[in-house]
Amino acid sequence: MRFFISLSLLFVLNYSALYGQQRTMDSLKGALMNSKEDTVRAFLLNKLATAYYFSNEYDSALRYVALTAELSQKLDYWKGTGNALGTKGNVLMNRGNYPGALKLFNQALQLYVKHSNKRGQGQMLTNIGNVYRMQGNYPEALQNYLGAMKIKDELGDKKGTADVNLNIGNVYLMENNFEEALKHYTLAKDFYLQGGNKKNLSRCYNNIGELYESIKNYPAALENHREALAIDSVLGNKKGVGSSYNNIGLVYADQGKFDLALPYYMKALAIKEKMGAKDAIENTCMNISEVYFEQKKYTACRKYLDRAMKLSIELNDKVGLQEGYLGLSRLDSAEGNYAASLRDYKLHVAYRDSVLNEENTKKIVQSQMQYEFDKKEAGEKAEQDKKDAIAQADKRRQAIILYAVAGCLLLVLGFAAFIYRSFLEKQRSNREISQQKAIIEEKQKEILDSIHYAKRIQTSLLPSEKYFSKHVDRTG
């Protein structure tokens, strides 16, 4: 496994990845210095903002987003405006500002619809789906993912389709439909492996690891999380590394190995604090509080649980609040504060029902997802059957043509052979006739010669007519 690459090699590869990112940024900055105030400059500004975003340097990303938006507005360059809205929305989403991100993504979507830009529409629908999924609003998440899938299929965007499959797998995972989740994760992973998309491949491994953890296949879960950690370490992807540390900690905690889980959680928290990723900090603090609770270190448990709850309230994260109130209820009960424990448990139930309402999630999500994908698969099957029928018809037509040509050739060859044979027969007959004619002429010549010879003899033996006349006269 790649996880067991030597630490020295990982350090070299990680440094190379970071150096490559820095070199890209330096190259973009150099191009900006020589650019005019036109759409090319707006494009370069957004590329630089995106590069900082992927490097998790969100403040720098926002600075260049602002410059992109300002120049695009001045030039009335709608593509630049859309790019700026999308990039800023991604930064806000990763910082846990879901309402702000949602507002920007919807603004960008309206702009792309106005200008009939399908690719932009597909990307914004995916982003909007991501925000709703992170808020636990699975029906809205699914609706936007399916809209994005339809557009990406129309465009023939295979990578985009793989990305949506990955997100749909996440929705199925939250619904505990592990079979369907693994199906969509595998579709995405196969494409990323073929295309060499390492960053998204690491996301796939992490998600598959979470799935295996859910069904308590811990060796498979650890293997996938470590695959993800190895890839993100090479890429210098701090966010991915933090996620992998957190996920490995979860696997150990699920097995009751809290002494092994806590160091991974702390590594994850340190990375996420540097990034300023509030949603990720919320999640890891919740995990740390659970470890301290199991170790009966209640003061430390409350410290991290309170921090997680504050972030859940700030982010309006219903799933986080559901888990947080359950944690508080358990902690209050362990400390003998039963009234507070009951109050917190009632709040936990209220948020749980809001998130996991049967009519709002399972029935809507499952039926809609099944309908849409059955429809998609039926369409794909019909298209494939049509292609197979056309291919089979072409094959039959080619076979008929081949047989016809072969038959014609055989007929031509047969006719040619017949003519050639007739020619030979005629030549042979002519030769025989010539030979017979020569024989007949020779025989005829011989007969004539014999007749002439006999006549000469006869003529020489018989007396001449004068002699005969004379002799008759004398006897008379």
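All of the points below concern the structure found in this document. Note that the structure is a prediction, hence the values are computed from the model and not measured. (Residues numbered from 1 in each chain as written. Predicted model: local features only at pLDDT ≥ 70, side-chain atom pairs only at ≥ 80, totals over all residues. Heavy atoms only, no water.)

### Comments concerning helix α12 (residues 238-254)
- Its 17 residues place the ends of α12 24 Å apart at the C-alpha level, agreeing with the 24 Å of an ideal helix rising 1.5 Å per residue.
- A positive backbone phi angle near 80° is found at G256, which sits one or two residues after α12. (Helix = DSSP H or I, 4+ residues; strand = E, 2+ residues; numbered from the N terminus. Expected span 1.5 Å × (residues − 1).)

### Points about helix α7 (residues 138-155)
- Here α7 spans 26 Å end to end across 18 residues, near enough to the 26 Å set by a 1.5 Å rise per residue.
- Two or three places before E140, at the opening of α7, N137 has a side-chain oxygen 3.4 Å from that residue's backbone nitrogen.
- Phi for G156, located one or two positions after α7, is positive at around 70°. (Polar contact = N/O pair within 3.5 Å; in protein donor to acceptor, adjacent residues only side chain to side chain.)

### Regarding unusual backbone geometry
- A positive phi angle, near 55°, is found at D76, a position not held by glycine.
- The exposure class of D76 is exposed, given its relative accessible area of 68%.
- If you check the backbone angles, N176 has positive phi at about 65° while not being a glycine.
- Here N176 is to be found in the loop between α8 (158-174) and α9 (178-195). (Buried < 20%, exposed > 50% of the residue type's maximum accessible area, 1.4 Å probe, protein only.)

### Remarks on the side chain of H348
- Along the chain, H348 falls in helix α17 (residues 338-356).
- In contact with H348, not counting residues within four places along its chain, are Q322, Y325 and L326. (Contact = heavy atoms within 4.5 Å.)

### Thoughts on the packing of aromatic side chains
- Tallied over the full model, the rule gives 9 aromatic pairs.
- For the pair Y52 and Y64, a centre-to-centre distance of 5.7 Å together with 10° between the ring planes defines the contact as stacked. Pair noted here: Y52 is in helix α2 (residues 39-54) and Y64 is in helix α3 (residues 58-75), with a separation of 12 residues, a long-range link.
- Residue Y52 is classed as buried on the basis of its relative accessible area of 6%.
- Classification of Y64 as buried rests on a relative accessible area of 13%. (Phe/Tyr/Trp six-rings, centres within 6.5 Å; stacked < 30°, edge-to-face > 60°.)

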